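So the chains spell out like this:
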Amino acid sequence: VTATINDATYTGFATETLTISKATATVTINDLSQTFDGSQKSVSVTTNPVGLSFDLTYDGGTALPTDAGSYAVVATIYEMNYTGSMSSTLVVSKASQIIIFDAIVNARQADADFTLSATGGDSGNPIIFSSSNPAIASLSGNTVTIGDFGTATITAAQAGNSNYNAAVSVMQ
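What you see is a predicted model; the values in this text were computed from it and never measured. As a convention, each chain's residues are numbered from 1 in the sequence order in which they are written. Only residues with pLDDT of at least 70 are given local features in this predicted model, and only at 80 or more are side-chain atom pairs given and counted; all residues enter the totals for whole chains, interfaces and linings. Hydrogens and waters are ignored; side-chain quantities use all the structure's heavy atoms.

Caption draft 1: A look at the pattern of salt bridges. A side-chain nitrogen of Lys or Arg and a carboxyl oxygen of Asp or Glu constitute a salt bridge if their distance falls within 4 Å. A complete count under the given rule lists one salt bridge for this structure. Residue Asp37 is joined to Lys41 by a salt bridge in which the shortest nitrogen-to-oxygen separation is 2.8 Å. In this scheme, a residue with accessible area under 20% of its type's maximum is buried, one over 50% is exposed, and one in between is partly exposed, where area comes from a 1.4 Å probe on protein chains only. Residue Asp37 is classed as exposed on the basis of its relative accessible area of 52%.

Printed below as a string of structure tokens:
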């Protein structure tokens, strides 16, 4: 920028540099806590002023996460007149799974072996059956053999994995 004085009493000029900086915008990242369901997970971003363009990364890339875990999220404004960014963490929690354990009828010592039936969650892990007293009710996989007189509790359990919590065990 150059300024010149044109006055009968004064003369002179000056030259200076005028710097126009970008204005600072506020960036807010929302929806940072989600639960695994097999679909891609994305966060939402708001800016102030409203409607500014931004880049969004998850762990440094643009691919949306699917699996349970923690992901570093960075939103960066890309506008000619604004600057701003925010970093946070998206947490995708493991999903729950439920065991549906078909009812067991009371058995007697002379009864034939019988088969247990249960369905579990989506972890892909098998339902594991156990007996509180194998002398009374012994198990081989999902087949029960009655032994001595008494009472035994059969428990159905299913382990979790990287995306699913272990199912709550069901006892009968």
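Caption draft 2: Summary view of the nonpolar core. Definition used in this section: a nonpolar core is a set of buried Ala, Val, Leu, Ile, Met, Phe, Trp, Tyr and Cys residues joined via side-chain atoms within 4.5 Å. Ranked by size, the top nonpolar core spans 18 residues in total, and within it Val43, Val45, Leu56, Val73 and Leu90 carry the most contacts. Every element with two or more residues in this core is listed here: β4 (26-30), β7 (54-58), β8 (69-77) and β10 (85-93). Every helix listed is a DSSP run of H or I at least four residues long, and every strand listed is a run of E at least two residues long, numbered separately from the N terminus. Top element by residues in this core is β8. It accounts for four residues. Counting 12 residues, the second largest nonpolar core, distinct from the first, contains Ala118, Ile127, Ala137 and Val144.

Caption draft 3: Seen up close, the packing of aromatic side chains. Two aromatic rings, drawn from Phe, Tyr or Trp (for Trp, its six-membered ring), form a pair once their centres lie within 6.5 Å of each other, and the interplanar angle then sorts them: stacked below 30 degrees, edge-to-face above 60, tilted otherwise. The full count for this structure, using the stated rule, is two aromatic pairs. When the centroid spacing of 5.4 Å and the interplanar angle of 80° are considered together, the rings of Phe36 and Tyr164 count as edge-to-face. With Phe36 in the loop between β5 (33-35) and β6 (44-48) and Tyr164 in the loop between β17 (154-158) and β18 (170-171), this pair connects stretches of sequence that are 128 residues apart. Ring centres 5.5 Å apart and planes at 50° place the aromatic pair Phe101 and Phe129 in the tilted group. Here Phe101, found in strand β11 (residues 100-101), pairs with Phe129, found in strand β14 (residues 127-131); they are 28 residues apart in sequence, far enough to count as distant. What makes Phe101 buried here is its relative accessible area of 9%. For Phe129, a relative accessible area of 12% corresponds to the buried category.

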